[in-house]
Amino acid sequence: QKEVEQNSGPLSVPEGAIASLNCTYSDRGSQSFFWYRQYSGKSPELIMFIYSNGDKEDGRFTAQLNKASQYVSLLIRDSQPSDSATYLCALRGGNMLTFGGGTRLMVKP
Amino acid sequence: DAGVIQSPRHEVTEMGQEVTLRCKPISGHDYLFWYRQTMMRGLELLIYFNNNVPIDDSGMPEDRFSAKMPNASFSTLKIQPSEPRDSAVYFCASSGEAKGYTFGSGTRLTVV
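Structural notes, computed from the coordinates. (Residues numbered from 1 in each chain as written. Chains lettered and ligands numbered in written order. Predicted model: local features only at pLDDT ≥ 70, side-chain atom pairs only at ≥ 80, totals over all residues. Heavy atoms only, no water.)

Here we look at the packing of aromatic side chains
Phase 1 of the analysis: Considering all chains together, one arrives at 15 aromatic pairs over all chains under this definition.
Phase 2 of the analysis: On the basis of an interplanar angle of 15 degrees and a centroid distance of 6.2 Å, the ring pair of Y31(B) and F33(B) is categorised as stacked. Across this residue pair, the class does not change: Y31(B) and F33(B) are buried.
Phase 3 of the analysis: Relative to F103(B), the ring of Y35(B) has its centre 5.9 Å away and its plane inclined at 50 degrees; by these criteria the two rings are tilted. In this pair, Y35(B) sits in strand 4 (residues 31-38) while F103(B) sits in strand 10 (residues 102-103), placing the two residues 68 residues apart along the sequence. Exposure class is identical for Y35(B) and F103(B). Each is buried.
Phase 4 of the analysis: Among the aromatic side chains, those forming a connected cluster through ring pairs are Y36(A), F99(A), Y31(B), F33(B), Y35(B), Y48(B), F91(B), Y101(B) and F103(B).
Phase 5 of the analysis: Over the ring of F61(A) we find R60(A); its NZ or CZ atom is 5.6 Å from the centre of that ring. (Phe/Tyr/Trp six-rings, centres within 6.5 Å; stacked < 30°, edge-to-face > 60°. Buried < 20%, exposed > 50% of the residue type's maximum accessible area, 1.4 Å probe, protein only. Helix = DSSP H or I, 4+ residues; strand = E, 2+ residues; numbered from the N terminus. Lys NZ or Arg CZ within 6 Å of the ring centre and 35° of its normal.)

Considering the sheet that holds strand 7 (residues 65-71) of chain B
Residues and elements named next belong to chain B.
Phase 1 of the analysis: Taken together, four strands build an open sheet; the order of strands is 1-3-8-7 and the sheet is antiparallel. Every other strand in the sheet has two partners, leaving strand 1 (5-7) and strand 7 as the edge strands with one partner each. Between one strand axis and the next, the sheet turns by 15 degrees as a mean value, whatever way the strands run.
Phase 2 of the analysis: When strand 1 meets strand 3 (residues 19-24), the two strands line up antiparallel, connected through three bridges. Within strand 3, the position partnered with S7 by the bridge is R22. (Pairing = 2+ DSSP bridges. Axes fitted to C-alpha atoms, helices over the stretch in contact; angles between N-to-C directions.)

Observations regarding the pairing of strand 5 (residues 42-50) of chain B
All names here are of chain B.
Phase 1 of the analysis: Across the nine residues of strand 5, nine count as buried, placing the element largely inside the fold.
Phase 2 of the analysis: In the sheet, strand 4 pairs with strand 5 via eight bridges, with the strands oriented antiparallel. Bridged to F33 within strand 5 is Y48.
Phase 3 of the analysis: Two successive antiparallel strands, strand 4 and strand 5, enclose a turn made up of three residues.
Phase 4 of the analysis: Bridge count for strand 5 against strand 6 (residues 53-56) is three bridges, and the pairing is antiparallel. Opposite F49, over in strand 6, you have P54 as the bridge partner.
Phase 5 of the analysis: The turn linking strand 5 back onto strand 6 is made up of two residues, and N51 within it adopts a positive phi angle of 50 degrees.

Some words on the environment of N66(A)
Residues and elements named next belong to chain A.
Phase 1 of the analysis: Residue position: N66 is located in strand 7 (residues 61-66).
Phase 2 of the analysis: Expressed as a C-alpha distance, the spacing of N66 and S52, which sit 14 residues apart in the sequence, is 8.4 Å.
Phase 3 of the analysis: In this view, N66 contacts Y25, N53 and Y71; residues no more than four positions away in its chain are not counted. (Contact = heavy atoms within 4.5 Å.)

What to know about the interface of chain B and chain A
Phase 1 of the analysis: Contact with chain B, which involves 18 residues of that partner, is made by 15 residues of chain A.
Phase 2 of the analysis: Taking both sides of the interface into account, the surface hidden between chain B and chain A amounts to around 1,400 Å²; carbon and sulfur atoms contribute 55%.
Phase 3 of the analysis: The interface formed by chain B and chain A contains five residue pairs in polar contact (both at pLDDT 80 or more).
Phase 4 of the analysis: Take the side of chain B that touches chain A: its biggest share by element is four residues, from strand 4 of chain B.
Phase 5 of the analysis: Class assignment for the residues of the side of chain B that touches chain A results in ten nonpolar, five polar and three charged. (Buried area = accessible area lost by both parts, 1.4 Å probe. Polar contact = N/O pair within 3.5 Å; in protein donor to acceptor, adjacent residues only side chain to side chain. Nonpolar A, V, L, I, M, F, W, Y, C, P; charged D, E, K, R; others polar.)

Section: the sheet that holds strand 8 (residues 71-76) of chain A
Backbone hydrogen bonds are what pair the strands of a sheet, in a parallel or an antiparallel way.
Residue and element names in this part refer to chain A.
Phase 1 of the analysis: Strands sit in the order 1-3-8-7-6 across an open sheet of five strands; the sheet is antiparallel. Here the strands that pair on one side only, and so sit at the sheet edges, are strand 1 (4-5) and strand 6 (54-58).
Phase 2 of the analysis: Of the pairings in the sheet, the one linking strand 1 to strand 3 (residues 19-25) comprises two bridges and is antiparallel in character. Looking across to strand 3, one finds that E5 is bridged to T24.

Structural data, given as structure tokens:
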């Protein structure tokens, strides 16, 4: 069974700081990884995906993948109160996504 | 595109009643997924379809749950009879490529 582990948080950071969200997984065969953001009462929305080891940047977001250590992380630079949400890590096995429990991020003004 | 459309947004029903949740995927997407989300268990995959054919229903909790996809633009998830422990948010999602999913707005089900 593919397992995806995340610290549930909350992770509290001041506005303007870097928020670092981490995720570990058990299936070494996993090839693609996704980060979703979910605001309270809303549905998850895709913010980034990464397939290769290393970093992938998109605006204020950077996804980092280390397959040898089986972790994937999401960095949010210049955090804003509007970034306050739950961030879900997911890995793709075949055609299915397996989600972690999510990390709640709170950005304080 | 209107995205993935789910209905109803909220459903309150009494224990023992039948509940039907509906989903219209994004046109052209050939994968459709039903997830359930609770505080305790997070997002759980219930079942998914490829080209209207159920591929994996191992996540369906018990025989009270059933899902159909009669055509490429419509799917239902039915619970009969419903129980209080079925209370959750049910999401439908669709995908057309080897990437992530697009989720619908969800149906918040409350069984009293």
